[in-house]
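# Architecture and fold: a report
What follows is the residue order along each chain.
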Amino acid sequence: MAHSKKIEILPPAEEPEEMPLPSDPKAVFLGGLFFLALLAAAYVAREVIMPLTFAVVLALLLQPALRLLERLRLPRTLAALLLIFALLGTIVGLGTAVSGPARSWAGKLPEGIPRLQEKLSFVREPVNTLQRFLQQVENFGGTESKNTAESAQGPTFLTRLFTGTRNFASGFFTTVLFLFFLLVSGDIFLQRFVEILPRFSSKRQVVEIDQQIERDISAYLVTITIMNAAVGIAVAMAMWLTGVGDPVLWGTVAFLLNYVPILGPVLGVLIFLLAGLLTHDVLWQALLPAGLYLGIHLIEGETVTPMLVAKRFTLNPVLVIISLVFWFWLWGVPGAILSVPMLAIAKIICERVRSLAAFGHFLEG
């Protein structure tokens, strides 16, 4: 007679923490309406909200330096002024250093376009074929006139690309003003908010969220800035070695573009490809600057930075792409720059608030 074995199901060594989902339909509905209202306000009042958001991110970036100056017995107001003047001096210095070379390269474009057309003649026929195919697809199912089709075209990529940049530049003074007062008296908001909360547990939770946001986002922004500076230096040396010249200009371009995930490196490859084609006549030499830039970016973006940042937090890559595209559509280039820090802040808040823990887990990579 066969003896039957009793199968015992053992519980896991570590029971996963419960992450309750919102169960009240009214709360979910009102929360959704509130979220949509926030997005509508971010779009309608973007001339105010975008500089304020940028100032908050810059304040988080400058917090370690502000703490260091306070340890040196400098008054907080004086420390904030020194940091803002250092930031403005860096921007003005870089702008002055790259304005001359940028003007020189812009002057090369009119005379360089015929050379580019000659060098890229081997791709002219495939491009024309693709254009004819796309035109047939657009004309399929309708017989609109040419004028109607041209008038129906939406804004070009470059128009959309620089619309947000122009709007942000017009609010530069507002950003600096917000940044100064956030550095000087940013803790007052936290103190007042903690004072009005009724329970001690809620007070402690708010303080912990604020400390974690400041610690993690500051570390993330400082790490990204250092890595972007390293990319800029490496690209500047590569452009000098390949004979393109103007290493300060190209290093600055690589440094700034690296703040924009995905779109920045793609645009960088196109820019360095154009610079190589305008500089060299031999095809492989013309392609070398773009290839070196892409290689540097892959080493930094796929190896070094993930190892340094992953210890702090990881984000769902699909949601990073969605956030990037959405904020680029809403605010232009500044929105693309701010998309990852805003997503990281949302993840930290959701992880600390029990009713939003499930959403924070969903945001995790």
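Up top is the structure these notes are about.
To start, this report covers the structure provided alongside it. (Residues numbered from 1 in each chain as written. Predicted model: local features only at pLDDT ≥ 70, side-chain atom pairs only at ≥ 80, totals over all residues. Heavy atoms only, no water.)

### Examining the overall build of the protein
Helix and strand counts for the protein come out as 14 helices and 0 strands. Reading the secondary structure of the protein in the N-to-C direction produces α-α-α-α-α-α-α-α-α-α-α-α-α-α. The burial tally for the protein puts 32% of its 365 residues in the buried class. A separation of at least 24 residues holds for 74% of the contacts in the protein among residues at least 6 apart in sequence. Surface accessibility of the protein: about 23,400 Å² in total, with carbon and sulfur atoms responsible for 69%. (Helix = DSSP H or I, 4+ residues; strand = E, 2+ residues; numbered from the N terminus. Buried < 20%, exposed > 50% of the residue type's maximum accessible area, 1.4 Å probe, protein only. Contact = heavy atoms within 4.5 Å. Areas by Shrake-Rupley, 256 points an atom, 1.4 Å probe, with all protein chains shown as cover.)

### A few points about the nonpolar core
Counting residues in hydrophobic clusters, the biggest one holds 39 residues, and the most contacted among them are Leu179, Leu183, Ile213, Ile217 and Trp331. For this core, the secondary structure elements donating two or more residues are α1 (25-44), α2 (46-71), α3 (76-119), α7 (172-196), α8 (200-241), α12 (317-331) and α13 (333-352). Of the residues forming this core, the biggest block, 10 residues, is contributed by α2. (Core = buried A, V, L, I, M, F, W, Y, C linked by side-chain atoms within 4.5 Å.)

### Overview of the packing of α12 against α13
Between α12 and α13, the shortest axis-to-axis distance is 7 Å and the interhelical angle comes to 140°. With respect to α13, the axis of α12 lies oblique. Viewed along their axes, α12 and α13 form a crossing whose handedness is right-handed. The segment α12 lies against α13, with Leu319, Val320, Ser323, Leu324, Trp327, Phe328 and Trp331 engaging Val333, Pro334, Gly335, Ala336, Leu338, Ser339, Val340, Met342 and Leu343. In the contact of α12 with α13, the residues fall into 13 nonpolar, 3 polar and no charged. (Axes fitted to C-alpha atoms, helices over the stretch in contact; angles between N-to-C directions. Parallel < 35°, antiparallel > 145°, perpendicular 65-115°, else oblique. Left-handed = near helix turned anticlockwise from the far one by under 90°. Nonpolar A, V, L, I, M, F, W, Y, C, P; charged D, E, K, R; others polar.)

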